[in-house]
Amino acid sequence: MPVKIINFKKYQDPSGDLIPFYTNLKGRFPFNNRRIFLVYGKKNYKRSDHAHKSCKQLLVCINGSIKIVINKKKIFKLDSKNSQGLLVPKLNWSEIFFLKKKSILMVFCDKQYSAKEYIRSYSQFLKIKKKK
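All of the points below concern the structure found in this document. For clarity, every value in this text was computed on a predicted model and none was experimentally measured.

1. What to know about the nonpolar core
Counting residues in each nonpolar core, the largest one holds 17 residues, and the members touching the most others are Leu59, Ile66, Ile68, Ile70, Leu86, Ile96 and Leu105. Setting aside anything within four residues of it in sequence, one finds Ile70 in contact with Val3, Phe76, Leu86, Val88, Asn92, Trp93 and Ser94.

So, in structure tokens, the structure goes:
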């Protein structure tokens, strides 16, 4: 499964926008969601800087603007003005940069939290990735 942008349906009217996330309907969400969390980052600071052994994540910018670097190569930009998310499958190194003050990232995961799930060393990540 590749890293890719997911587009969500946006409903607009004069009072504002609504973007629903149907996590329990087959075909409407890229995986069975088990956990949701929010990340508040300081402008220009790096967050994440790790990979997951088996967890898939869907990253959605709900305020501001965020840059995500995958595997030290591919760059994606998420903005709260767009109805998009970034699907990050397991074994992808991610680095997250908050480009605007008060940016907020919402993360959907297909696994519960476990400290054993994280790969925090890039050299270890490359070794694991090479074996797969």
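Picking up after the structure, the text goes on.
2. Things to note about the sheet that holds strand S8 (residues 74-79)
Hydrogen bonds between backbone atoms are what pair the strands of a sheet, whose relative direction is either parallel or antiparallel. In spatial order, the strands read S8-S7-S10-S5-S12; together these five strands make up an open sheet with antiparallel pairing. Lying at the two open borders of the sheet, with one neighbouring strand each, are S8 and strand S12 (118-119).

3. Regarding the pairing of strand S6 (residues 57-63)
Here S6 lies mainly inside the structure; five of its seven residues are buried. Sheet analysis places S6 next to strand S9 (residues 84-88), joined by three bridges and oriented antiparallel. Directly across from Leu58, in S9, lies its bridge partner Leu87. With six bridges connecting them, S6 and strand S11 (residues 104-109) associate as antiparallel partners. Across the sheet, the residue bridging to Asn63 is Ile104, located in S11.

4. Structural notes on the side chain of His52
Structurally, His52 is set in strand S5 (residues 46-52). His52 gets classed as buried once you look at its relative accessible area, which sits at 6%. At 3.2 Å, the side chain of His52 and the side chain of His50 are in polar contact. Ignoring sequence-local partners within four residues, the contact set of His52 consists of Gln57, Lys90, Leu91, Glu117, Tyr118 and Ile119.

5. A short note on the packing of aromatic side chains
According to the stated counting rule, one finds eight aromatic pairs in the structure shown. Both rings, one in Trp93 and one in Tyr122, keep their centres 5.2 Å apart while their planes meet at 80 degrees; by these two values the pair is edge-to-face. Pair noted here: Trp93 is in the loop between S9 and strand S10 (94-98) and Tyr122 is in helix H1 (residues 122-131), with a separation of 29 residues, a long-range link. Judged by relative accessible area, which is 1%, Trp93 ranks as buried. Directly above the aromatic system of Tyr122 lies the positively charged group of Lys72, at a separation of 4.9 Å from the ring centroid. Sitting over the ring of Tyr118, Arg120 keeps its end group 4.4 Å from the ring centre.

What counts and how
- Residues numbered from 1 in each chain as written.
- Predicted model: local features only at pLDDT ≥ 70, side-chain atom pairs only at ≥ 80, totals over all residues.
- Heavy atoms only, no water.
- Core = buried A, V, L, I, M, F, W, Y, C linked by side-chain atoms within 4.5 Å.
- Buried < 20%, exposed > 50% of the residue type's maximum accessible area, 1.4 Å probe, protein only.
- Contact = heavy atoms within 4.5 Å.
- Pairing = 2+ DSSP bridges.
- Helix = DSSP H or I, 4+ residues; strand = E, 2+ residues; numbered from the N terminus.
- Polar contact = N/O pair within 3.5 Å; in protein donor to acceptor, adjacent residues only side chain to side chain.
- Phe/Tyr/Trp six-rings, centres within 6.5 Å; stacked < 30°, edge-to-face > 60°.
- Lys NZ or Arg CZ within 6 Å of the ring centre and 35° of its normal.

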